[in-house]
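# Residue-level structure breakdown
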Amino acid sequence: MAYKDFRDFLNTLQKENQLLTIDEEVKPEPDLGAAARAINNLGDNTPGLLFNNVYGYNNAQIALNVIGSWSNHALMLGMPKNTPVKEQFFEFAKRYSEAPVPVQREESAPFHECEITEDINLFDILPLFRINQGDGGFYLDKACVISRDVTDPDHFGKQNVGIYRMQVKGKDRLGIQPVPQHDIAIHLKQAEERGENLKVAIALGCEPVITTAASTPLLYDQSEYEMAGALQQEPYKIVKAKLSNLDIPWGAEVVLEGEILAGEREYEGPFGEFTGHYSGGRSMPIIQIKGVYHRKNPIFEHLYLGMPWTECDYMIGINTCVPLYQQLKEAFPEEIVAVNAMYTHGLIAIVSTKSRYGGFAKAVGMRALTTPHGLGYCKMVIVVDEDVDPFNLPQVMWALSTKMHPKHDAVQIPDLSVLPLDPGSNPAGITHKMILDATTPKAPETRGHYSQPLDEPLTTKEWEKKLQDMLSK
């Protein structure tokens, strides 16, 4: 099911009627951001957008909302576009467990067609625009940023591919926000302690499988490239960078090579974030660009994010759920059923579990808070019974309204870590967290009246399948 490159995926979207091509002239601002916001407002199975006529640019093509729906997310996995979300979750979990899949190394890549190493001017190369009107400048917000562990540079798994926002600060300079909980922050700290710049490569317009892997909260020594191979069920193609020992996605449209300057900081922001708020401005590191490589007539991909749901939420939805699910399964292999951490990048997580005894569900919630992703996110963990579908919010609300006792089942833990972008944190990066136990009380807990649950009629499952088949014809 592997896609050859970004264009191959766009062709698949076109064939599946999941790509809307817009040939009329549009303005970079506000039209592009407005169109991406608008398409997200129209449902969860909307198409991607490809703009072919952008005012002020010659022959620029700009793609938005590429995996901004459950239909496009399913196609990214090589599944039918009408595949239900829960089914996508379990298929993703299955493939996740099959990692690592060794990479396929190539000597050259299509983006080597055009090379610029002198007089670099990003304003001439890239069609730049603000996606939200309060942004402090132009941003690259769906680029794969590659860096390596400075103390262990030969460890392939400690090479990180991550999605980090980058503000264009000048014709050959970018500002980057390395959130402390993310791997690139570790690499930068290592380099700066040695007084060295950190080599980075930035790949734009990549196949969605690597942008998905890059936005997945993997363990520090897990390779995003080897995870991408597992997700696409065949080895992922990479090529060596020209100015460093970094590996780059073979199918990228545009690649920037450079280094984060040790000890240098500049004001960066504000930026409209996935939390639905502007994150303000902070002093952030600077990337000096040393080389640019791109395909002839590259397709520039951008990501709209803001008040959920947007493409960002589809991109980091299931791939946030699955690592939490797998890590909880390692602790409680017989009990954990499913995990839904799709809401605001897992600031809320819903865990479906069996209970061994009274108080067990709260222990599951505590473990979720101490997973790698939970440390920086997971502000609230809702724990429900095994027969409650965490992806079915009406069922979750039913469990909260009938099973949770405010006195006994709301556990608050003060002053834990959270990503600084959480607008409710105070100071930034610190918050109280909460576990809500919405499971049925089990001995030695004896409160409540839960001895007569209502069962569904006997042939309900058969009718679900029969009616679904009829509706899909």
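The written sequence of each chain sets the order in which its residues are numbered from 1. Residues qualify for local features only when their pLDDT is at least 70, as the model is predicted, and side-chain atom pairs are given and counted only at 80 or more; totals for whole chains, interfaces and linings, by contrast, use all residues. Side-chain measures were taken over the full set of non-hydrogen atoms in the model, leaving aside hydrogen atoms and water.

Now for unusual backbone geometry. That bond from E29 to P30 is cis: its omega, 5°, falls within 30 degrees of zero. Looking at where P30 falls in the secondary structure, it is placed in helix α2 (residues 28–40). Between A99 and the following residue, P100, the backbone shows a cis peptide bond with an omega angle of 5°. For helices the rule is a DSSP run of H or I covering at least 4 residues; for strands it is a run of E covering at least 2, with both sets numbered from the N terminus onward. Structurally, the position occupied by P100 is in the loop between α4 (85–96) and β4 (104–106). Its identity is not glycine, yet N59 carries a phi of approximately 60°, on the positive side. Relative to the helices and strands, N59 resides in the loop between β2 (48–51) and β3 (61–64). For each residue, the accessible area found with a 1.4 Å probe, counting protein chains only, is set against the maximum for its type, and the residue is called buried under 20%, exposed over 50%, and partly exposed in between. We classify N59 as exposed; its relative accessible area is 64%.

Moving on, we come to the nonpolar core. Among the nonpolar cores identified, the biggest contains 133 residues, and L174, I202 and L256 are the most heavily contacted of them. Contact between two residues is taken to exist if any of their heavy atoms lie within 4.5 Å; hydrogens are not considered. Ignoring sequence-local partners within four residues, the contact set of I202 consists of A143, C144, V145, M166, L174, V254, V255, L256, I287 and I289. Counting residues in each nonpolar core, the second largest holds nine residues, with V396, A399, L400 and A438 among its members. We call a set of buried Ala, Val, Leu, Ile, Met, Phe, Trp, Tyr and Cys residues a nonpolar core when their side-chain atoms join them within 4.5 Å.

What follows deals with the sheet that holds strand β12 (residues 237–240). Taken together, the three strands give an open sheet; going across it, the order is β4-β12-β13, and neighbouring strands pair in mixed fashion. Edge positions in the open sheet fall to β4 and β13 (247–249), since each of these has one partner strand only. Across the sheet, the mean angle separating the axes of adjacent strands is 45° when strand polarity is ignored. For two strands to be treated as a pair, DSSP must find at least two bridges joining them. Where β4 and β12 come together, three bridges link them in parallel fashion. In the sheet register, R105 faces β12, and the bridge partner there is I238. For helices, the fitted line uses only the C-alpha atoms of the stretch in contact; every axis is such a line through C-alpha atoms, and the angle between N-to-C directions lies from 0 to 180 degrees.

Another aspect to go through is the packing of aromatic side chains. Between the rings of Phe, Tyr and Trp (Trp by its six-membered ring), a pair exists once the centres lie within 6.5 Å; its type follows the angle of the planes, with under 30 degrees stacked, over 60 edge-to-face, and the other angles tilted. Tallied over the full model, the rule gives 15 aromatic pairs. Geometrically, the ring pair formed by W70 and Y314 is edge-to-face, given 5.1 Å between the ring centres and 80° between the ring planes. You can see W70 sitting in helix α3 (residues 70–76) and its partner Y314 sitting in helix α9 (residues 311–315), a full 244 residues away along the chain. The same class applies to W70 as to Y314, namely buried. Geometrically, the ring pair formed by F89 and Y325 is edge-to-face, given 5.2 Å between the ring centres and 70° between the ring planes. Here the residue F89 occupies a position in helix α4, and Y325 occupies one in helix α10 (residues 318–331), the gap between them amounting to 236 residues. The two residues F89 and Y325 agree in class, both being buried. Both a distance and an angle decide whether a charge sits over a ring: NZ of Lys or CZ of Arg must be within 6 Å of the ring centre and within 35 degrees of the ring normal. Over the ring of W250 we find K237, and its NZ or CZ is 4.5 Å from the ring centre. Sitting above the plane of the W463 ring, K466 keeps its charged end 4.2 Å from the centroid.

Quick look at empty space enclosed by the protein now. Grid points spaced at 1 Å over the protein atoms alone were grouped into cavities, where a 1.4 Å probe fits but cannot get out, and pockets, open sets with protein on both sides within 12 Å along at least five of seven lines, with lining residues defined by an atom within 4 Å of a point. Grid points are joined across faces, edges and corners, and a volume is the space filled by probe spheres set on the points. Enumeration according to the criterion identifies one cavity of 30 Å³ or more in this entry. There is about 40 Å³ of room inside the largest cavity. Along the walls of the largest cavity sit S355, Y357, G358, G359, F360, A361, D437, T439, T440, P441, K442 and E445, which together make up its complete lining. For this classification, Asp, Glu, Lys and Arg are treated as charged, while Ala, Val, Leu, Ile, Met, Phe, Trp, Tyr, Cys and Pro are nonpolar and the rest, including Gly, are polar. Of the residues assigned to the lining of the largest cavity, the class counts are four nonpolar, five polar and three charged.

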